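# Architecture at a glance
Each chain is listed here by its residues.
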Amino acid sequence: MQALLDTAHIGGLLRTYTRQEVTSALRSTLQALRGSVRSGRLTSLPDFDSETFATSVASHIEAERRPNIRSVINATGIIIHTNLGRARLAPEALDAIQAIGANYSNLELDLHTGKRGSRHSHVENLICDLTGAEAALVVNNCASAVLLSLMATAHGKKVIASRGELIEIGGAFRLPDVIEQSGAILKEVGSTNKTRAADYERAVDSETAVLLKSHTSNFRIVGFTSAPKREDLAIIARNSNTILMEDLGSGVLIDLSAYGLRDEPVVSDILKSGVDLVMFSGDKLLGGPQSGIIAGRGDLVGRLKSHPLCRAVRLDKLSLAGLEATLRLYREPHDPFQSVPVLRAIAQTIGEIRGRADRLADALIASGLEDVTVAKSAAYVGGGSLPQQDLESYAVSLSVPSYTVDAIVAALRAAETPIVGLIRSNRFVMDARTLTDEDLPFVLKAFRGLRGR
Ligand SMILES: *Cc1c(COP(=O)(O)O)cnc(C)c1O
């Protein structure tokens, strides 16, 4: 180790990096070398060249300094991609997070009375205003919203749910398991493809607390199907003194049918149809930070707020600040289809998308790639909404000489700003619907790095 540090090139690293960084990187570089020799991958030691060695140690240190969680460029065409962090936040939301993170705040202080306040108060009126709910509560995510709602209303009692709606969302969120964890007893009714209101009605007894509806977010049963109308379930709930609850998952606040997305129910319509309590995510179609929103009847929200689990799943101040700012973008003078990135990605015109794809393709060709084409593509909302409806899009499709498509994928994933795209017909494809104009220079840079190798 000392001998290495004594060489000019490796010793010179100490001018840029700390001794601790250099010795630790040297140690792992040597260890990797020993490993290669031991495993037989390296049969003879390469000629030692302190300059090459120093370069590899320096890049090791640079890699160590890079944050583990980083920005990546989403070229998948899936707007709400859970693996890629779901919704990109609006600048207004980022400003709010910055201000509340950098400073003390009135998180739990009522500035009118000077007394202790509630963190929920900052968003409750906004949510009520946008959904028509009597009351609302925000928690960590939709999964905890469902858990809290069931625990506070159905612990030790029965929850009736349709066999066609016992969903599993990615990351081991299985509705039957969540119901069990809440201490409630699941009573399944109907069949996989058909469940009627009468099935719920027959199953209700004195032990029943909740009729549960869930949005079949990530799959669709097609063919001969039927699911009960919310209005009919609401009547059954009212007559049996039970609660009609809906796990909505994505949750849109405004109608998206003008953009061809017709099957996603709007929260205010759901409440109007008689659902007592609805739960949805803050970072799916709503376009805010990770959070779970519970909206509905005042007495029920009150019960949830005073349940001990409420504290355990409470929303942190940064997400709360980002959520409030995002909700405000749904009100005058803003146009959410311009201001909320998720909605803007849905609302952009096909001409804009085509233009972006063309500009990217032209720039890639100008940078020396030859086999680059632009073609029609299908993009998706993602995030467990509208699994069947695709959005018209355009994509750049390419090949790179002497690279297999898998090698392109791997190299772009290793870029300083990683690019995540698609493989279609053995070509690398980037869908322009999820790219922004600001992304393009980073994409070009990643390709330059790839060809420089
Ligand atoms: C996405 C989803 C959830 C989980 O939401 P998180 O905010 O990720 O916890 C629950 N239910 C449905 C129907 C969903 O689509």
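About the criteria used
- Residues numbered from 1 in each chain as written.
- Predicted model: local features only at pLDDT ≥ 70, side-chain atom pairs only at ≥ 80, totals over all residues.
- Heavy atoms only, no water.
- Helix = DSSP H or I, 4+ residues; strand = E, 2+ residues; numbered from the N terminus.
- Buried < 20%, exposed > 50% of the residue type's maximum accessible area, 1.4 Å probe, protein only.
- Contact = heavy atoms within 4.5 Å.
- Areas by Shrake-Rupley, 256 points an atom, 1.4 Å probe, with all protein chains shown as cover.
- Lys, Arg positive; Asp, Glu negative; His and termini not counted.
- Charge placed at Lys NZ, Arg CZ, Asp CG, Glu CD.
- Polar contact = N/O pair within 3.5 Å; in protein donor to acceptor, adjacent residues only side chain to side chain.
- Domains from an automatic or database assignment.
- Salt bridge = Lys/Arg side-chain N within 4 Å of Asp/Glu carboxyl O.
- Core = buried A, V, L, I, M, F, W, Y, C linked by side-chain atoms within 4.5 Å.
- Axes fitted to C-alpha atoms, helices over the stretch in contact; angles between N-to-C directions.
- Parallel < 35°, antiparallel > 145°, perpendicular 65-115°, else oblique.
- Left-handed = near helix turned anticlockwise from the far one by under 90°.
- Nonpolar A, V, L, I, M, F, W, Y, C, P; charged D, E, K, R; others polar.

Our focus in this paragraph is the overall build of the protein chain. For the protein chain, the count of helices and strands is 19 helices and 16 strands. Counting only C-alpha atoms and orienting by the principal axes, one finds that the protein chain spans roughly 85 × 55 × 50 Å. Counting across all 453 residues of the protein chain, residues that qualify as buried make up 48%. Looking at the protein chain alone, contacts between residues at least 24 apart form 74% of all its contacts between residues at least 6 apart. Working note: accessible area of the protein chain is about 22,400 Å², and carbon and sulfur atoms make up 50% of it. When the 51 positive and 51 negative side-chain charges of the protein chain are each reduced to one mean point, those points stand 3 Å apart.

Structurally, S182 can be placed in the loop between helix 8 (175-181) and strand 7 (185-189). Among the polar contacts listed, one links the side chain of S182 to the backbone oxygen of I179, at a separation of 2.6 Å. With sequence-adjacent residues up to four places away left out, S182 is seen in contact with L147, L150, M151 and H155.

Moving on, we come to the domain arrangement of the protein chain. Annotation of the protein chain at the domain level lists domain 1 (2-65), domain 2 (73-83 + 343-451) and domain 3 (91-336). The straight-line distance from the C-alpha centre of domain 1 to that of domain 3 is 54 Å.

Taken as a whole, this structure holds 23 salt bridges when the rule is applied. Between R354 and D358 there is a salt bridge; the shortest N-O distance is 3.5 Å. A residue pair is termed a helical-turn pair when its members lie 3 or 4 positions apart in one helix, as R354 and D358 do in helix 17 (residues 350-366) at four residues. The exposure class of R354 is partly exposed, given its relative accessible area of 34%.

Nonpolar side chains in soluble globular proteins generally cluster together in the buried interior. In this structure, L327 and I346 are the most contacted members of the largest nonpolar core, which totals 57 residues. Both domains that meet at this core, namely domain 2 (73-83 + 343-451) and domain 3 (91-336), each give it at least three residues. Discounting chain neighbours no more than four positions away, the residues touching I346 are I79, L256, Y259, L261, L285, V381 and R433. Of all hydrophobic cores here, the second largest spans 33 residues; its members include L212, L277, L300 and C310.

The relative placement of two packed helices comes down to the angle between their axes together with the axis-to-axis distance. Two numbers describe how helix 6 (residues 121-131) lies on helix 14 (residues 317-328): the axes approach to 10 Å, and their chain directions differ by 30°. Viewed along their axes, helix 6 and helix 14 adopt a mutual orientation that is roughly parallel. The crossing of helix 6 and helix 14 is left-handed. Contacts between helix 6 and helix 14 involve H122, V123, L126, I127 and L130 from the former and L320, E324, L327 and R328 from the latter. Of the residues in the contact of helix 6 with helix 14, the class split is six nonpolar, one polar and two charged.

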